[in-house]
Amino acid sequence: MAFQSKKLINDPNDVVTEFIEGLIETYPGLQYLDGFPEVKVVLRADVSGEKYDKVAVISGGGSGHEPAHAGFVGEGMLTAAICGDVFTSPNVDSIVAGIRAVTGPMGCLLIVKNYTGDRLNFGLAAEQAKSEGYKVEMVIVGDDCALPPPRGIAGRRGLAGTILVHKVAGAAAACGLPLADVAAEAKRASEMVGTMGVALSVCTLPGQVTSDRLGPGKMELGLGIHGEPGAAVADLQPVDVVVSHVLKEILSSETNYVPITRGSRVVLLINGLGATPLMELMIIAGKAVPGLQLEHGLAVDRVYTGSLMTSLDMAGFSISVMKADQAILDRLDAPTKAPNWPVGADGNRPPAKIPVPLPPPHSIQSDKTLSRPEKLISLGHILEAAIEAAATELVNLRDNLNEWDSKVGDGDCGSTMFRGAVAILEDMKKYYPLNDPAETVNEIGSSIRRVMGGTSGILYDIFCKAAYAKLKADSELVITALHWADALEAAIAAVSKYGGARAGYRTLLDALIPALSALKERLSAGDNPVDAFVISAEAAVAGAESTKHMQAQAGRSTYIPGDVLASIPDPGAMAAAAWYRAAALAIKEKCSTA
């Protein structure tokens, strides 16, 4: 029976900000950015981004997993942690603020747990920071071993093994290694660790009722860290049996999730999920070590036990096993002042909070840049015609896109694209610096970011940001058709990197990838650039139509039966093909009448 939970809180909407305030009072080596409630960033008090001479290591995600991630900020571990609302990915502005606050000339590494929201928000923030001149790399951790190998792009979830990756990366950065080396060590560590969780209860979100999903005498195997259902529900068993099952799943040779075989050296992490007494965690540790040694023939070099990545008040635990060599052990043994590794921090108490940093001066656009030119040059007229045609086509296509999406998705693709298109048409009249292609593309992304929600909005924002960065790099040159092709290629690569989709996954990329291929082929053959653009637009349309014959591997369409998908093209791909073709035809008409 569900009942109202008892919580020592004030307003449920303030739990994260009040947690951060208490954390900073407890550990004087930490600060937070004065941007509540939108910006919730905890950072080292001894680091200033402009002067910091080492790689900054930044992580974060939804709150509710305390002490992760803010409790692992400190010398030798994280430089900053970005805190979202409970079980909600932090917003892009918070992540960018954190990057600006602690990143110096050596750059920063983002360590991200493999959840779609975190990947997209941290990915867009990375592109934003790169466009401002920062060096940024990102490592995605997916250490979940509970579920069978996933279909599509979802991948394995990021769980408590991420903390070990934090420590390895933080120690590498503290040694003064360059960004590429720190990222390489973090990536290698992420590939060495596997995790599985077990729950005896579900968690309760602040201000909500406690679910009765798990009845008495039951346990849930293979759950995530957000209270989502696990792989299976079973009768509660003695801890010896449960631990043995978990270790077998992590070390399974069938899934081969971790490269651990008999004779390997390993590190063991026993993690409480929030409401598990230390006594029980120590019992689990006491059973796991001999299990690894006797049943699996492994040498256990280190054991870490405690509640490190929790799920609010969930009763349960997770086990992480990491393959270790001397290099990894040296990183794990390196000193750290992160309060919950656990090491207490000392030193003088600095101010509790500091201002949210602004973008660097060289990236702040002037009023002139952010306004429509009084007089358009030829390129400006062409760009205006292309943007207007593309946006107008999406406005006209709203009902068709919604109809397709109602059969294979959630029915709002047309409305979402419509909002973005209308904003683009309105903003172009006032703000777009149409004589500057790179800045115009950047402003299109800003329009999209302001009004378009959901996955499509952030993907198109990433698309524009990556294209802008590529065009900006060629800003001292005359922008040619080849430069536009390179920008399209960079944009597609960014969408694929952060969204996870590739050709054949039944997404907008199935329109844009064929278009890019045709465009580069025709330009290499010496075709007139306008003709090459039109030909590539036809390839985009054909690619979008071909999605009828694809099995969905991304988005809500993955839940739709194949026979339904076979009669409906992917709405996102059709939208991409439509605006691309409209822009090409508008440019052709404009150039023919010039």
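Residues numbered from 1 in each chain as written. Predicted model: local features only at pLDDT ≥ 70, side-chain atom pairs only at ≥ 80, totals over all residues. Heavy atoms only, no water.

Student: Hey, could you go over the packing of aromatic side chains for me, with residue numbers and the actual values?
Tutor: By the definition in use, this model includes seven aromatic pairs. With 5.0 Å between their ring centres and 45° between their planes, Tyr304 and Trp341 make a pair best called tilted. Taken together, the residues span a long stretch of sequence, with Tyr304 in strand S13 (residues 299-306) and Trp341 in the loop between helix H8 (326-333) and strand S15 (353-354) at a distance of 37 residues. Taking the relative accessible area as the measure of exposure, Tyr304 reaches 15% and is therefore buried. Judged by relative accessible area, which is 11%, Trp341 ranks as buried. Every member of this aromatic cluster is reached through a ring pair, and the members are Tyr460, Phe463, Phe533, Trp579 and Tyr580. Lying over the aromatic face of Phe418, Arg398 brings its terminal NZ or CZ to 4.0 Å of the ring centre. (Phe/Tyr/Trp six-rings, centres within 6.5 Å; stacked < 30°, edge-to-face > 60°. Helix = DSSP H or I, 4+ residues; strand = E, 2+ residues; numbered from the N terminus. Buried < 20%, exposed > 50% of the residue type's maximum accessible area, 1.4 Å probe, protein only. Lys NZ or Arg CZ within 6 Å of the ring centre and 35° of its normal.)

Student: Which residues make up the side chain of His69, and what are the values?
Tutor: By the element assignment, His69 lies in the loop between strand S4 (56-63) and strand S5 (80-86). Setting aside residues no more than four positions away along its own chain, His69 makes contact with Ser59, Gly60, Gly61, Leu78, Ala81, Lys113, His166 and Met309. (Contact = heavy atoms within 4.5 Å.)

Student: Account for the sheet that holds strand S10 (residues 218-221), with residues named and values stated.
Tutor: The mixed open sheet is built from six strands, whose spatial order is S11-S10-S8-S14-S12-S13. Both outer strands of the open sheet, strand S11 (232-235) and S13, are each paired with one neighbouring strand and no more. For this sheet the average axis-to-axis angle between neighbouring strands, irrespective of direction, equals 20°. Of the strand pairs in this sheet, strand S8 (residues 193-199) and strand S14 (residues 316-323) are connected by seven bridges, and their pairing is antiparallel. Considered in S14, the bridge of Val198 is made with Phe317. (Pairing = 2+ DSSP bridges. Axes fitted to C-alpha atoms, helices over the stretch in contact; angles between N-to-C directions.)

Student: Give me the state of the cysteines: which residues, what numbers.
Tutor: All told, the structure shown has zero disulfides when counted by the stated rule. Free cysteine Cys203: the closest other cysteine sulfur is in Cys83, separated by 17 Å. (Disulfide = S-S within 2.5 Å.)

Student: An account of a negative patch on the surface is needed here, citing residue identities and associated values.
Tutor: Taken together, the side chains of Asp11, Asp14, Glu18, Glu21 and Glu25 define an acidic patch exposed on the protein surface. Positionally, Asp14 belongs in the loop between strand S1 (3-4) and helix H1 (15-26). The partly exposed category is assigned to Asp14, whose relative accessible area is 31%. (Patch = residues over 30% accessible without salt bridge, like charges linked within 9 Å, V, L, I, M, F, W, Y side chains within 5 Å. Areas by Shrake-Rupley, 256 points an atom, 1.4 Å probe, with all protein chains shown as cover. Salt bridge = Lys/Arg side-chain N within 4 Å of Asp/Glu carboxyl O. Lys, Arg positive; Asp, Glu negative; His and termini not counted. Charge placed at Lys NZ, Arg CZ, Asp CG, Glu CD.)

Student: Help me get a handle on the nonpolar core, residues and values and all.
Tutor: Counting 101 residues, the largest nonpolar core has Leu110, Phe463, Trp579 and Tyr580 as the members making the most contacts within it. Counting residues per element, this core draws most heavily on helix H18 (residues 571-593), at eleven residues. Three or more residues apiece are contributed to this core by two domains, here domain 1 (1-141) and domain 3 (378-592). Counting residues in each nonpolar core, the second largest holds 60 residues, with Val15, Val86, Ala173 and Ala199 among its members. (Core = buried A, V, L, I, M, F, W, Y, C linked by side-chain atoms within 4.5 Å. Domains from an automatic or database assignment.)

Student: How would you sum up the UniProt feature "binding site: substrate" (unreviewed entry) in the protein chain? Please name residues and give values.
Tutor: Per the UniProt entry, the sites bearing "binding site: substrate" (unreviewed entry) are Gly62, Ser63, Gly64, His65, Lys113 and Asp118 in this numbering. Here, the second largest cavity is lined by Gly62 and Ser63 out of the annotated residues. Along the chain, His65 falls in the loop between S4 and S5. Taking relative accessible area as the criterion, His65 reaches 1% and is therefore assigned buried. Discounting residues that sit within four places of it in the chain, His65 has contacts with Phe87, Ile225, His226, Leu308, Met309, Thr310 and Ser311. With respect to the helices and strands, Lys113 occurs in strand S6 (residues 108-113). Exposure remark for Lys113: the relative accessible area of 1% places this residue in the buried category. (UniProt positions renumbered as here; feature names shortened; annotations may be inferred. 1 Å grid on protein atoms, 1.4 Å probe; cavity = no way out; pocket = protein on both sides within 12 Å on 5 of 7 lines; lining within 4 Å.)

Student: Describe the pairing of S4, naming the residues involved and giving the relevant values.
Tutor: Burial within S4 is extensive, with eight of its eight residues counted as buried. As paired elements, S4 and S6 share four bridges and run parallel to each other. Bridge pairing in S6 places Val57 opposite Leu109. Looking at chain direction, S4 and S5 are connected through five bridges and run parallel. Across the sheet, residue Ser59 finds its bridge partner in S5, namely Ala81.

Student: Any details on the pattern of salt bridges? Residues and values, ideally.
Tutor: On inspection of all chains with the given rule, the structure shows 24 salt bridges. As a salt-bridge pair, Asp46 and Arg44 come within 2.8 Å of each other at their nearest N and O atoms. A salt bridge links Lys130 to Glu127, with the shortest nitrogen-to-oxygen separation between them at 3.6 Å. On the criterion of helical spacing, the pair formed by Lys130 and Glu127 is a turn pair, its members being three residues apart in helix H3 (residues 116-131). Judged by its relative accessible area of 31%, Lys130 is partly exposed.

Student: Requested: an account of the domain arrangement of the protein chain, with residues and values cited.
Tutor: As far as domains go, the protein chain holds domain 1 (1-141), domain 2 (190-202 + 219-337) and domain 3 (378-592). The junction of domain 1 with domain 3 conceals about 1,200 Å² of combined surface from both sides, 61% of it contributed by carbon and sulfur atoms. Among the residues of domain 1 in contact with domain 3, Leu120, Leu124 and Glu127 are the three that bury the most area, contributing 47% of the side total. For the interface between domain 1 and domain 3, the tally reads one salt bridge. In this structure, the salt-bridge partner of Arg449 is Asp93, at a minimum N-O distance of 2.5 Å. Linking domain 1 with domain 3 are five residue pairs in polar contact (both at pLDDT 80 or more). Counting residues per element, the side of domain 1 that touches domain 3 draws most heavily on H3, at ten residues. Its residues placed into classes, the side of domain 1 that touches domain 3 shows five nonpolar, four polar and four charged. (Buried area = accessible area lost by both parts, 1.4 Å probe. Polar contact = N/O pair within 3.5 Å; in protein donor to acceptor, adjacent residues only side chain to side chain. Nonpolar A, V, L, I, M, F, W, Y, C, P; charged D, E, K, R; others polar.)

Student: Tell me what's going on with the packing of helix H13 (residues 454-473) against helix H14 (residues 481-499), and back it up with residues and numbers.
Tutor: Contact geometry of H13 with H14 gives a least axis separation of 8 Å together with a crossing angle of 140°. Between H13 and H14, the angle is such that the two are oblique. For H13 against H14, the interelement crossing comes out right-handed. Of the residues in H14, those touching H13 at Leu459, Ile462, Phe463, Ala466, Ala467, Lys470 and Leu471 are His483, Trp484, Asp486, Ala487, Leu488, Ala490, Ala491, Ile492, Ala494, Val495, Tyr498 and Gly499. A class-by-class count of the residues in the contact of H13 with H14 yields 15 nonpolar, two polar and two charged. (Parallel < 35°, antiparallel > 145°, perpendicular 65-115°, else oblique. Left-handed = near helix turned anticlockwise from the far one by under 90°.)

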